[in-house]
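# Architecture at a glance
Here is what each chain is made of, one letter per residue.
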Amino acid sequence: MNVRRHGMTFVEVAAAIMLLGVLATVVTQCAAWTAGERRAAERREIALFEAANVMERLASEDWESLAPKAAAEDPLSTAAKEMLPGGRLTTEIQLIGDNPAAKRIVVEVQWLNRAGESESPVRLVTWRYQGRGTRDGGRGN
């Protein structure tokens, strides 16, 4: 006897629905992970811009006005305060050596992630050397 089937059985429909459910779950988790990584990258970019702006300002100051100081907290910009929860910007200036005289400038931005844990900070470091025979600290201007 030859029996013809028309349509799908209940088991086939259930298996297809289960596979679609698993696929939807994986896609949703990947989308959430990607969004979280994008937010983390945006925060790191904001912190880098903030540190770079402060570093540029400090590195362009006259040699004499760039006084050594221990790590001190400076205010963040309004945009950085909004994007970096618990954000802190610290600067430190050290006098290093005397032949040639140099000042080490460190700018660091720290913030908290969504879990309230510290993210790895953005830290920029540069050295500023005192020029010889110029009034402006060796910039030649």
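Just so it is clear, the model here is predicted, and its values are computed rather than measured.

Take the overall build of the chain next. Along the backbone of the chain there are two helices and four strands. The order of helices and strands in the chain, counted from the N terminus, is α-β-α-β-β-β. Seen along its three principal axes, the alpha-carbon backbone of the chain occupies a region of about 110 × 25 × 25 Å. Buried positions account for 22% of the 141 residues belonging to the chain. Pairs at least 24 residues apart make up 53% of the contacts formed inside the chain by residues separated by at least 6 positions. Surface accessibility of the chain: about 10100 Å² in total, with carbon and sulfur atoms responsible for 58%. In the chain, 18 positive and 18 negative side-chain charges are present, and the distance between their average locations comes to 4 Å.

Right, let's talk about the pattern of salt bridges for a bit. Counted according to the given criterion, the structure contains four salt bridges. We note a salt bridge from Arg 38 to Glu 42, for which the minimum N-O separation is 3.3 Å. One end of the pair is Arg 38 and the other is Glu 42, both in helix H1 (residues 10-59) and four residues apart, which spans about a single turn. Taking the relative accessible area as the measure of exposure, Arg 38 reaches 46% and is therefore partly exposed. Between Glu 108 and Arg 123 there is a salt bridge; the shortest N-O distance is 2.4 Å. One end of the pair, Glu 108, is in strand S3 (residues 101-110); the other, Arg 123, is in strand S4 (residues 122-129), with 15 residues separating them in the sequence. Among the residues examined, Glu 108 registers a relative accessible area of 11% and is labelled buried.

Quick look at the nonpolar core now. Generally speaking, a soluble globular protein has its nonpolar side chains buried in company with each other. Core analysis: the largest hydrophobic core is formed by 16 residues, its most contacted members being Leu 58, Ile 105, Val 107 and Val 109. The leading source of residues in this core is H1, at five residues. If we ignore the near neighbours within four places in the chain, the residues touching Val 109 are Ala 47, Glu 50, Ala 51, Leu 76, Leu 84, Arg 88, Leu 89, Pro 121 and Val 122.

One open sheet holds the four strands; their spatial order is S1-S2-S3-S4, and the pairing between them is antiparallel. Since the sheet does not close on itself, it has two edges, and those belong to strand S1 (69-74) and S4, each with one partner. Going across the sheet, the axis of each strand differs from the next one's by a mean of 15°, ignoring polarity. The pairing of strand S2 (residues 88-98) with S3 spans ten bridges and is antiparallel. The residue bridging Thr 91 from the neighbouring strand is Val 107, located in S3. Against the sheet, H1 touches S2, S3 and S4, its axis set at about 15° to S4.

Vacant regions in the atomic arrangement are exposed by a probe of water-molecule size rolled over the atoms. Empty space within the largest pocket amounts to approximately 150 Å³. What lines the largest pocket is Gly 36, Arg 39, Ala 40, Arg 43, Arg 44, Trp 111, Asn 113, Arg 114 and Glu 119.

Looking now at the pairing of S3. The side chains of a regular strand alternate between the sheet's two faces. For S3, the tally of buried residues reaches eight of ten residues, placing the bulk of the element in the interior. Hairpin connection between S2 and S3: a loop of two residues separates the two successive antiparallel strands. As defined by bridge partners, S3 adjoins S4 across eight bridges and the pair is classed as antiparallel. Along S4, the bridge assignment pairs Ile 105 with Thr 126.

The end-to-end C-alpha distance of H1 is 73 Å, a good match for the 74 Å that 50 residues give at a rise of 1.5 Å each. Along H1, the positions that sit buried rather than exposed are Arg 43, Ala 47, Glu 50, Ala 51, Val 54, Met 55 and Leu 58. Those residues of H1 that are buried lie in contact with helix H2 (78-83), S2, S3 and S4.

The rules we used
Residues numbered from 1 in each chain as written. Predicted model: local features only at pLDDT ≥ 70, side-chain atom pairs only at ≥ 80, totals over all residues. Heavy atoms only, no water. Helix = DSSP H or I, 4+ residues; strand = E, 2+ residues; numbered from the N terminus. Buried < 20%, exposed > 50% of the residue type's maximum accessible area, 1.4 Å probe, protein only. Contact = heavy atoms within 4.5 Å. Areas by Shrake-Rupley, 256 points an atom, 1.4 Å probe, with all protein chains shown as cover. Lys, Arg positive; Asp, Glu negative; His and termini not counted. Charge placed at Lys NZ, Arg CZ, Asp CG, Glu CD. Salt bridge = Lys/Arg side-chain N within 4 Å of Asp/Glu carboxyl O. Core = buried A, V, L, I, M, F, W, Y, C linked by side-chain atoms within 4.5 Å. Pairing = 2+ DSSP bridges. Axes fitted to C-alpha atoms, helices over the stretch in contact; angles between N-to-C directions. 1 Å grid on protein atoms, 1.4 Å probe; cavity = no way out; pocket = protein on both sides within 12 Å on 5 of 7 lines; lining within 4 Å. Points joined across faces, edges and corners; volume = space filled by probe spheres on them. Expected span 1.5 Å × (residues − 1).

Interpretation note: all reported values are geometric properties and have no functional meaning in isolation.
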